[in-house]
Amino acid sequence: MINLSSTMSGRFTLVKGKCDADGNTITAEKVAEFDNIITDQGLNRIGNNGISGSTSYVHVGTGNTTPAATDTGLVTFVAASNTQQSLSETAQTSTSPYYLSRARTVRFGAGAAAGNLAEVGVGWAASGTVLFSRALILDGGGSPTAITVLSDEYLDVTYELRIYPPAADATGTITLDGVVYDYTARPSERDVYSNSFSGWDVSSAGNGSFGIDTAIAYDGIIGAQTASPAGSVDSSSSSASETYSDSSLQAAVTSTWGLNDGNFAGGVRSLRIKTGWALWQLEFAAQSGGGTIPKDNTKTLSFTVTHSWARKTL
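Report follows, based on the coordinates. Please read these numbers as outputs of a predicted model, since none were measured by experiment. (Residues numbered from 1 in each chain as written. Predicted model: local features only at pLDDT ≥ 70, side-chain atom pairs only at ≥ 80, totals over all residues. Heavy atoms only, no water.)

## So, the side chain of Arg45
Part 1: Relative to the helices and strands, Arg45 is located in helix 1 (residues 40-49).
Part 2: For the buried Arg45, no salt bridge exists, and the shortest N-O distance to an oppositely charged side chain is 10.0 Å, to Asp246.
Part 3: A polar contact of 2.9 Å, which involves the side chain of Arg45, links it to the side chain of Ser54.
Part 4: Here Arg45 is in contact with Gly50, Gly53, Ser54 and Trp124, once residues within four sequence places are set aside. (Helix = DSSP H or I, 4+ residues; strand = E, 2+ residues; numbered from the N terminus. Buried < 20%, exposed > 50% of the residue type's maximum accessible area, 1.4 Å probe, protein only. Lys, Arg positive; Asp, Glu negative; His and termini not counted. Salt bridge = Lys/Arg side-chain N within 4 Å of Asp/Glu carboxyl O. Polar contact = N/O pair within 3.5 Å; in protein donor to acceptor, adjacent residues only side chain to side chain. Contact = heavy atoms within 4.5 Å.)

## Brief notes about the pattern of salt bridges
Part 1: Applying the stated rule across the entire model yields 14 salt bridges.
Part 2: Close ionic contact of Lys16 with Glu153 constitutes a salt bridge, the shortest N to O distance being 3.8 Å. Highlighted residues: Lys16 in strand 1 (residues 2-19) and Glu153 in the loop between strand 11 (147-149) and strand 12 (154-164), separated in sequence by 137 residues. Take Lys16 and Glu153: they sit in the same class, and that class is buried.
Part 3: Salt bridges linked by common partners bring Arg11, Lys30, Glu33 and Asp35 together as one network.

## Overview of the pairing of strand 6 (residues 83-92)
Successive residues of a regular strand alternate their side chains across the two faces of the sheet.
Part 1: Sheet topology note: the strand 6/strand 7 (residues 99-108) ladder contains nine bridges and is antiparallel. Bridging from a neighbouring strand, Ala91 pairs with Leu100 of strand 7.
Part 2: The hairpin turn running from strand 6 into strand 7, its antiparallel successor, is six residues long. (Pairing = 2+ DSSP bridges.)

## Remarks on the sheet that holds strand 13 (residues 170-176)
Part 1: Read from one edge of the open sheet, six strands run 13-14-20-19-15-16, paired in antiparallel fashion. Lying at the two open borders of the sheet, with one neighbouring strand each, are strand 13 and strand 16 (233-235). Geometrically, the sheet is characterised by an average inter-axis angle of 25° between neighbouring strands, direction not taken into account.
Part 2: As paired strands, strand 19 (residues 270-275) and strand 20 (residues 278-286) are joined by six bridges and run antiparallel to one another. Bridge pairing links Arg272 to Gln281 in strand 20. (Axes fitted to C-alpha atoms, helices over the stretch in contact; angles between N-to-C directions.)

## Focus on the sheet that holds strand 3 (residues 37-38)
Part 1: If you trace the five strands from one edge of the open sheet to the other, you get 3-10-9-4-5, paired in antiparallel fashion. Either end of the sheet is taken by a strand with one partner, and the two such strands are strand 3 and strand 5 (77-81).
Part 2: Its contacts with the sheet put helix 1 on strand 3 and strand 10 (131-136), and the angle it makes with strand 10 is roughly 155°.

## Regarding the side chain of Lys274
Part 1: Position of Lys274 relative to the elements: it lies in strand 19.
Part 2: One polar contact links the side chain of Lys274 to the main-chain carbonyl oxygen of Gly199, over a distance of 2.4 Å.

## A word on the environment of Ile38
Part 1: Along the chain, Ile38 turns up in strand 3.
Part 2: Among all residues touching Ile38, those that are not within four sequence positions of it are Met8, Ser9, Gly10, Leu43, Phe132, Ser133, Tyr159, Leu161 and Arg311.

## A look at helix 1
Part 1: Among the residues of helix 1, those classed as buried are Gly42, Leu43, Asn44, Arg45, Ile46 and Gly47.
Part 2: In this fold, the buried residues of helix 1 make contact with strand 1, strand 3, strand 10 and strand 21 (301-311).
Part 3: Count one or two residues on from helix 1 and you reach Gly50, which has phi positive near 85°.

Next up, the structure:
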């Protein structure tokens, strides 16, 4: 079994302002921007429920306890909102580190979050132990601070979740039908934001559905991280994921090519497999002569990969 991995981080931006009687913005001021810690239960929830619904509510409070990975709620809860103002999904491909971004802005209307606020989080419900992330509000120098929201001011909170494909190839060996193969695994089309079988995204996965569509076999070599393998292609007969195991922070996808699939004259050289939000390409070479994986109408090829996720160290 081959394990592939990606990392993630989050960032908050807070803007407060005032609107006129018609709801038009009169003033708007960015008051804070800072990173956050994704909680243990946030990382775990992804495996069962996916990403997008896990960050649908913003919570604000007055607690000033240092955030910890074990946090499940704000220290001193004040209010929550899921009134979405905007949602953007993009791929950052111009400079390293490359990432996929999902930024969602939620508004607290005038008076809804009034007071001196010192902590913020996102989660999947309006109250309870539901935090995907928690942070203290920080000033420009990175020190904890409090912001004052007046009774006639709104507060917009943007939470941006970033997914980082690995920068380096994963390499190793695997044994198939008694033959040892060297493999090279890397992201595929990491510059494309898509929830289909043509790129990466930050909104899919969960409920055990880590396999999307079918996997594809190729008779050519793999390409760059922004490309796909070369050569002739043939889709798998089936692709299915195992039930997520709580706290494992990984999901397994098994793809199978039946007797009538993947029968290249020169054998199977590469695969492309979707695991939740990640799209991967893998190339194989037998250690004895560098040969491909032999596949004809007398053989079935079944292949399993796991995808694990963790916080990115910033």
